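Each chain, written out:
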Amino acid sequence: QVQLVESGGGLVQAGGSLRLSCAASGRSFSSYAMGWFRQDAGKEREFVSAISRSGGSTFYADPVKGRFTISRDNAKNTVYLQMNSLKPEDTAVYYCAADAGPVATIPGRYDYWGQGTQVTVSS
């Protein structure tokens, strides 16, 4: 069992930055690939970014490429999402998730989810 707790969301103006954190507890954090997803009201949950167990491989959805950076610190059991040049369309609840299998971009592949943190970008 893995428990995930996101933090770092908030209200920011367009062009600003936020850094999301996801702290994990429970079984070995380094055994899991980690992902970030987001969901806006009335929309499906969508993939944002993912990182392999070692951190050596990262993946990004096209809308966030060049603006967001995922990283992890296995010693601190934490995964991060640095979000720069934020746009109003980035507004959503952001979730982190842990995947016991290979790193994936599909929500259904992930085994554990956090409760989410709200990110609101004003224009």
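Structure shown above.
Everything numeric in this text was worked out from a predicted model, so none of it was measured. (Residues numbered from 1 in each chain as written. Predicted model: local features only at pLDDT ≥ 70, side-chain atom pairs only at ≥ 80, totals over all residues. Heavy atoms only, no water.)

Caption draft 1: Fine view of unusual backbone geometry. In this structure, N77 takes a positive phi of about 55 degrees despite not being glycine. Mapped onto the fold, N77 is located in the loop between β7 (68–73) and β8 (78–83). Of the residues examined, N77 reaches a relative accessible area of 28% and is grouped as partly exposed. Positive phi values are uncommon outside glycine, yet S85 reaches one of about 50 degrees. Inspection of the secondary structure assignment puts S85 in the loop between β8 and β9 (92–99). (Helix = DSSP H or I, 4+ residues; strand = E, 2+ residues; numbered from the N terminus. Buried < 20%, exposed > 50% of the residue type's maximum accessible area, 1.4 Å probe, protein only.)

Caption draft 2: Examining the pattern of salt bridges more closely. Tallied over the entire structure, the rule returns four salt bridges. For the salt bridge of D90 with R38, the shortest nitrogen-to-oxygen distance reads 2.9 Å. Highlighted residues: D90 in the loop between β8 and β9 and R38 in strand β4 (residues 33–39), separated in sequence by 52 residues. For D90, a relative accessible area of 1% corresponds to the buried category. For R38, a relative accessible area of 7% gives the class buried. Residues joined in a network through salt bridges with shared partners are R38, E46, R67 and D90. (Salt bridge = Lys/Arg side-chain N within 4 Å of Asp/Glu carboxyl O.)

Caption draft 3: Focus on the state of the cysteines. As enumerated under the stated definition, the model contains one disulfide in all. Disulfide pairing places C22 opposite C96 at an S-S distance of 1.9 Å. The sign of the S-S torsion, about 45 degrees, decides the handedness of the disulfide formed by C22 and C96: right-handed. With C22 in strand β3 (residues 18–26) and C96 in strand β9, this pair connects stretches of sequence that are 74 residues apart. Judged by relative accessible area, C22 falls into the buried class, the value being 0%. (Disulfide = S-S within 2.5 Å.)

Caption draft 4: Main features of the pairing of strand β11 (residues 117–122). Burial along β11 is one-sided: T117, V119 and V121 are buried, while Q118, T120 and S122, pointing the other way, are not. Sheet topology note: the strand β2 (residues 10–13)/β11 ladder contains four bridges and is parallel. Its bridge partner being in β11, G10 is matched across the sheet by V119. (Pairing = 2+ DSSP bridges.)

Caption draft 5: Expanded view of the side chain of R72. Among the secondary structure elements, R72 is positioned in strand β7. Here R72 sits buried without a salt bridge, and the closest side chain of opposite charge, D73, lies 8.3 Å off (N-O distance). Of the polar contacts made by the side chain of R72, one reaches the backbone oxygen of S52; its length is 2.8 Å. Ignoring sequence-local partners within four residues, the contact set of R72 consists of F29, S30, Y32, A33, M34, I51, S52, R53, S54, G55, T78 and V79. (Lys, Arg positive; Asp, Glu negative; His and termini not counted. Polar contact = N/O pair within 3.5 Å; in protein donor to acceptor, adjacent residues only side chain to side chain. Contact = heavy atoms within 4.5 Å.)

Caption draft 6: Here's a closer look at the nonpolar core. Judged by nonpolar contacts, the single largest core of 34 residues is most densely connected at L4, M34, W36, L81, M83 and Y94. Within the residue set of this core, elements represented by two or more residues are β1 (2–7), β3, β4, β5 (46–51), β7, β8, β9 and β11. It is β9 that provides the largest number of residues to this core, a total of five residues. For L81, the contacting residues outside a window of four places in its chain are L18, R19, L20, W36, V48, S49, F68, T69, I70 and Y94. (Core = buried A, V, L, I, M, F, W, Y, C linked by side-chain atoms within 4.5 Å.)

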